[in-house]
Structure formats: structure tokens, C-alpha cells
Amino acid sequence: KRKRERNRTLKNFLAVDTSSGYLTVLAYIDGKKFVRHDPDCAMRQSALIMPAVDSLLKEAGAKLSDFGFFACVVGAGSFTGIRIGISVVKGFCLATGKPCMPVTSFELSAYTEKDGKRLALVNALHDAYYLSAYDGETQSIPPSYLTGDEVEKLVRNGYRPVSVERLPMLSTVVSPVDGLWNAVEKKCGREDAFSEPVALYVRKSQAELDGEKNK
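As the structure is a prediction and not an experimental result, all values here were calculated from the model.

Cut-offs applied
Residues numbered from 1 in each chain as written. Predicted model: local features only at pLDDT ≥ 70, side-chain atom pairs only at ≥ 80, totals over all residues. Heavy atoms only, no water. Phe/Tyr/Trp six-rings, centres within 6.5 Å; stacked < 30°, edge-to-face > 60°. Helix = DSSP H or I, 4+ residues; strand = E, 2+ residues; numbered from the N terminus. Buried < 20%, exposed > 50% of the residue type's maximum accessible area, 1.4 Å probe, protein only. Lys NZ or Arg CZ within 6 Å of the ring centre and 35° of its normal. Pairing = 2+ DSSP bridges. Axes fitted to C-alpha atoms, helices over the stretch in contact; angles between N-to-C directions. Contact = heavy atoms within 4.5 Å. Core = buried A, V, L, I, M, F, W, Y, C linked by side-chain atoms within 4.5 Å. Expected span 1.5 Å × (residues − 1). Arc of directions from axis to C-beta. pLDDT = per-residue confidence, 0-100. Salt bridge = Lys/Arg side-chain N within 4 Å of Asp/Glu carboxyl O.

## Details of the packing of aromatic side chains
Here is step 1 of the chain: Within the structure shown, the criterion is met by ten aromatic pairs.
Here is step 2 of the chain: For the pair F79 and Y201, a centre-to-centre distance of 4.5 Å together with 10° between the ring planes defines the contact as stacked. Of this pair, F79 sits in helix 3 (residues 79–96) while Y201 sits in the loop between helix 6 (176–187) and helix 7 (206–214), placing them 122 residues apart in sequence.
Here is step 3 of the chain: Using a relative accessible area of 33% as the deciding quantity, one classes Y201 as partly exposed.
Here is step 4 of the chain: Counting every residue linked through ring pairs, the aromatic cluster contains F13, Y28, F69, W181 and F194.
Here is step 5 of the chain: Over the ring of W181 we find K33; its NZ or CZ atom is 4.1 Å from the centre of that ring.

This is how it looks when you write it as C-alpha cells:
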């Protein structure tokens with residue numbers, strides 16, 4: 001019953017996620033959900049995102065001005081992918097005058113697996129992870145960059161690892177499409193949910209770190 005009540009107050013929205021190796025475009029309009037999801041787009045989001053949006057709009061019989069707000073995943077994840085999603089959604093907001101809802105990669109996992117102590121993980125490669133921890137609906141550890149050993153220590157202390165992609169370590173894998181839907185639905189009633197989308201870079205890029213090292 002609570003879910004039906006939330007959906008009755010949920011505005012029409014369009015959300016995109018280009019933060020990883022997949023591409024998700026999700027729209028909710030007039031009580032119906034429309035999805036375009038490419039599970040492995042070989043990091044070609046810049047070429048694929050607008051055709052995916054156009055195809056979805058045609059299926060939904062909608063135009064950008066029909067949406068009450070737009071959402072995008074702001075990180076952690078691929079540096080280039082994050083910028084693509086933010087740029088596209090900022091363009092939609094500018095063209096329509098509608099607000100933006102920034103969503104983190106961690107919220108995709110945390111709002112899908114909702115119970116207990118969870119580690120929302122993003123693979124940072126080289127046996128390291130971007131993460132944020134949740135206990136129920138409370139964020140118990142802010143976005144951080146930890147080694148695999150440090151993550152394993154948190155797991156031994158009762159945190160359950162969750163991710164939208166398969167990881168080198170054993171973890172619960174949730175659908176990135178469901179994660180995006182759950183995060184937007186969860187946040188839509190919050191006054192602080194809408195703001196200028198700013199990339200969440202938990203750690204500097206390897207190029208930036210190498211440049212600082214060379215200096």
C-alpha cells in the first residue's frame with residue numbers, strides 16, 4: 001500500500017546512468033515505466049545515449065517537457081562516463097527549466113538491498129574499491145576509497161557487500177535498472193534531493209596522481 005501511495009506522488013522523470021560499462025536510460029511517465037539498458041556498451045555511452053533517449057521517448061510518446069525532473073548518476077565510477085551523463089542531463093534541465101536529481105552509484109545498491117549493514121561497492125581496480133556503508137537507511141561510512149583488505153575487514157565486522165556489477169570479491173549483485181528506479185523513487189520526496197549535479201570523484205584519476213608524482 002505504501003508503495004502505491006509513493007507512486008501516486010511520483011512525478012514523471014527521466015534518469016540516466018553512464019557511470020560504468022553499461023548504459024541505462026529510465027523514464028517514468030503517466031504511471032508507466034520505460035527502459036533502455038545496454039549491459040555492456042564498451043564504454044560508448046557518448047555515442048549511444050542520445051539514440052537510446054530518442055528511442056525511449058518515441059516508445060513512451062513523450063517529449064522532454066513532459067518530465068517533472070531529470071536524474072543522473074554522478075559517481076563513483078568511470079571518470080569519462082560520469083561526465084557524459086551529467087552533461088546530457090544538465091542540457092535537458094537547461095532546455096526545459098526542470099530540476100536535476102543527482103544520484104550516487106552507492107545509492108543504487110543501498111536502496112535496493114535495504115536491510116542491515118551493507119557495503120555499497122564500486123570496483124576501483126587494482127584490488128581497491130570505492131564504497132559507502134549503510135546501516136538500515138543511515139549512511140554509516142561516507143564515500144571512501146579502500147583496499148581489498150580494508151573492505152574484507154569491514155565484511156568480517158558484519159557489513160554485507162553489494163554492487164550493481166560482479167566484483168572480484170563475493171558480493172550480492174543487484175540490477176542497475178532496479179537500483180536506479182529504487183534510488184530515484186526513494187529520494188523523490190526529500191527536499192534536499194534536487195541540486196546542481198556535481199561529479200563524485202572519491203579519488204583522483206590515475207592520470208592526475210601520476211602527474212602529481214612526476215612533479
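## Describing the sheet that holds strand 1 (residues 13–17)
Here is step 1 of the chain: Sheet architecture is open: five strands sit in the order 3-2-1-4-5, paired in mixed fashion. Two strands lie at the open edges of the sheet, namely strand 3 (32–38) and strand 5 (100–103), each paired on one side alone. The sheet shows a mean angle of 15° between the axes of neighbouring strands, direction not considered.
Here is step 2 of the chain: Bridge count between strand 2 (residues 23–29) and strand 3: seven bridges; the pairing is antiparallel. From the neighbouring strand, I29 faces strand 3, where its bridge partner is K32.
Here is step 3 of the chain: Where helix 2 (residues 45–60) meets the sheet, its contacts fall on strand 1, strand 2 and strand 3, and the angle it forms with strand 2 comes to roughly 25°.

## Some details on the nonpolar core
Here is step 1 of the chain: If you look at the biggest cluster of nonpolar residues, it comprises 27 residues, and the most contacted ones within it are L14, V25 and F67.
Here is step 2 of the chain: Take this core: its biggest share by element is seven residues, from helix 3.
Here is step 3 of the chain: With sequence-adjacent residues up to four places away left out, L14 is seen in contact with V25, L26, A27, V53, L56, L64, F67, F69, F70, A71 and F92.
Here is step 4 of the chain: Counting 21 residues, the second largest nonpolar core, distinct from the first, contains F13, V103, L180 and W181.

## Side note on helix 2
Here is step 1 of the chain: Given a rise of 1.5 Å per residue, 16 residues ought to cover 22 Å, and the 21 Å separating the end C-alpha atoms of helix 2 matches this to within 8%.
Here is step 2 of the chain: By the burial criterion, the buried members of helix 2 are Q45, I49, A52, V53, L56, L57 and A60. Take helix 2 and look down its axis: the buried residues cluster within an arc of 130°, on one side only.
Here is step 3 of the chain: The inward-facing, buried residues of helix 2 abut strand 1, strand 2, strand 3 and helix 3.

## Digging into the confidence of the model for the protein chain
Here is step 1 of the chain: Counting all residues, the mean pLDDT for the protein chain is 91, and 90% of those residues have values of 70 or more.
Here is step 2 of the chain: Across residues 1–6 the pLDDT falls below 50, and counting only partners more than four positions away or on other chains, this stretch makes two contacts in the model.

## Examining the environment of L121
Here is step 1 of the chain: Checked against the element boundaries, L121 lands in strand 6 (residues 117–123).
Here is step 2 of the chain: Under the relative-accessibility criterion, L121 is labelled buried at 1%.
Here is step 3 of the chain: With 23 residues separating them along the chain, L121 and S144 place their C-alpha atoms 9.8 Å apart.
Here is step 4 of the chain: Once residues lying within four places of it in the same chain are set aside, the contact partners of L121 are Y129, Y130, L131, V151, P161, V162, S163, L167 and M169.

## A short note on the environment of L180
Here is step 1 of the chain: Positionally, L180 belongs in helix 6.
Here is step 2 of the chain: The spatial distance from the C-alpha of L180 to the C-alpha of S19 is 12 Å, given a sequence separation of 161 residues.
Here is step 3 of the chain: Residues within four places of L180 in sequence aside, it is in contact with A15, V16, D17, T24, L26, V73 and L108.

## Considering the pattern of salt bridges
Here is step 1 of the chain: All chains considered together, the criterion is met by seven salt bridges.
Here is step 2 of the chain: Ionic pairing is found between E113 and R160, a salt bridge with its closest N-O pair at 2.8 Å. Here E113, found in the loop between helix 4 (105–110) and strand 6, pairs with R160, found in strand 9 (residues 160–163); they are 47 residues apart in sequence, far enough to count as distant.
Here is step 3 of the chain: Look at E113 and you get partly exposed, because its relative accessible area is 24%.
Here is step 4 of the chain: With its nearest N and O atoms 3.1 Å apart, the salt bridge here joins R190 to D192.

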